[in-house]
Amino acid sequence: MARFLHLTDLHIVPEGLLVSGQLDTARLFRGAVDTLIHRLESIGPVDAVLVTGDISDDGSAESYRVAREQLERLGQRLLVVPGNHDDRETFRAAFSDLPEIRSTGQIDWVADIGDTRVIGLDTLIEGKGGGTLRDESLVLLSEALSTAGRRQTLVALHHPPLRTGIRFMDAIGLENPDALRSVLDQHDAPVRVLAGHVHGVYHGLLGRHPVVTAPSCCSAFALDVRKEAPVGFLTGPTGCAVIDTGVGGVWTELPLRYGDGPFAF
Ligand SMILES: [Fe+2]
């Protein structure tokens, strides 16, 4: 088994700047890391921290420096894939010391953590909100699945192969979920797909493969499927997730702010 802390959509900008004139994401993430460090003992040991993209909001080198500084405070092995807000080359430079990050091409990788194979896929189309899986990534995925043996398998990518019903998010979804499904279907065992991008928890199936998205560390989108739904973000709830790939292990949301308590029964 292996346990992962799954963070996503940090949207960091350099200190002193605000995302959309509202969110001090550098401060919010510093607070999130303070909270997680405080809770690490109660959460229990994790084998790696997985971050599924939109680490930066503006793609600046300074935003990655701020993000990395905070991520390092968690003291865990880091696994990272880019999202639509990331700049591929600046992202690569910021994480170039991680063993999975190649010096050129797509930021796709394979990491074996305990008995679990994690396959990170790069869906970034620079300058666009939507994402795609290119042939290069699908080939890497296919090879990684065919050599996974009896390992548990996780696929991590920014854009989930799901529709949320929120029109402004579905308009910038993953272009080719069927291409992902057809590669996953070649693998005998179910593959769990972990994603971000939609700033909330959504669970669905891609064929027989479960897909789940983690909440964002900085903002949320309301579930509003009306045609005239307002386009924009909420300041919460924010959170992350924990996944345990062992037998009987679960995926669970980890809110960054709990209600009051615990009160005795
Ligand atoms: Fe995104």
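In this text the structure is predicted, and so the values were computed from the model without any measurement.

How each quantity is defined
Residues numbered from 1 in each chain as written. Predicted model: local features only at pLDDT ≥ 70, side-chain atom pairs only at ≥ 80, totals over all residues. Heavy atoms only, no water. Disulfide = S-S within 2.5 Å. Buried < 20%, exposed > 50% of the residue type's maximum accessible area, 1.4 Å probe, protein only. Donors = N, O, S within 2.8 Å, 3.2 Å for Na, K, Ca; no water. Tetrahedral: all angles 85-135°; square planar, octahedral: opposite > 155°, others 65-115°. Helix = DSSP H or I, 4+ residues; strand = E, 2+ residues; numbered from the N terminus. UniProt positions renumbered as here; feature names shortened; annotations may be inferred. Phe/Tyr/Trp six-rings, centres within 6.5 Å; stacked < 30°, edge-to-face > 60°.

1. Section: the state of the cysteines
Then step 1. Across all of its chains, the model carries zero disulfides by this definition.
Then step 2. We note that C217 lacks a disulfide partner, and the nearest cysteine sulfur, in C240, lies 5.9 Å from it.
Then step 3. Residue classification places C217 among the buried positions, given a relative accessible area of 5%.
Then step 4. Considering cysteine sulfurs only, C217 is the nearest to C218, which forms no disulfide, with 7.4 Å between them.
Then step 5. In this structure C218 comes out as buried when scored by relative accessible area, which is 2%.

2. Details of the coordination of the iron ion
Then step 1. In this structure, D54 (OD), N84 (OD1), H158 (NE2) and H197 (ND1) serve as the protein donors to the iron ion, at separations of 2.2 to 2.3 Å.
Then step 2. Its four donor atoms give the iron ion angles of 84 to 173 degrees at the centre, a pattern that matches the irregular case.
Then step 3. Along the chain, the residues donating to the iron ion fall in the pattern D-x29-N-x73-H-x38-H. You can see D54 sitting in the loop between strand 2 (48-52) and helix 2 (61-73) and its partner N84 sitting in the loop between strand 3 (78-81) and helix 3 (88-94), a full 30 residues away along the chain.
Then step 4. Accessibility expressed as a relative area gives 2% for D54, which makes it buried.

3. Regarding the UniProt feature "domain: Calcineurin-like phosphoesterase" (unreviewed entry) in the protein
Then step 1. The residues that UniProt annotates with the feature "domain: Calcineurin-like phosphoesterase" (unreviewed entry) are residues 3-199.
Then step 2. Across residues 3-199, the secondary structure splits into 32% helix and 17% strand, with the terminal C-alpha atoms separated by 22 Å.

4. Focus on the packing of aromatic side chains
Then step 1. Applying the stated rule across the entire model yields four aromatic pairs.
Then step 2. Relative to F95, the ring of F91 lies with its centre 5.0 Å away and its plane at 50 degrees, an arrangement referred to as tilted.
Then step 3. The class of F95 is buried, set by a relative accessible area of 0%.
Then step 4. Following the ring pairs from residue to residue traces out a cluster consisting of Y64, F91 and F95.

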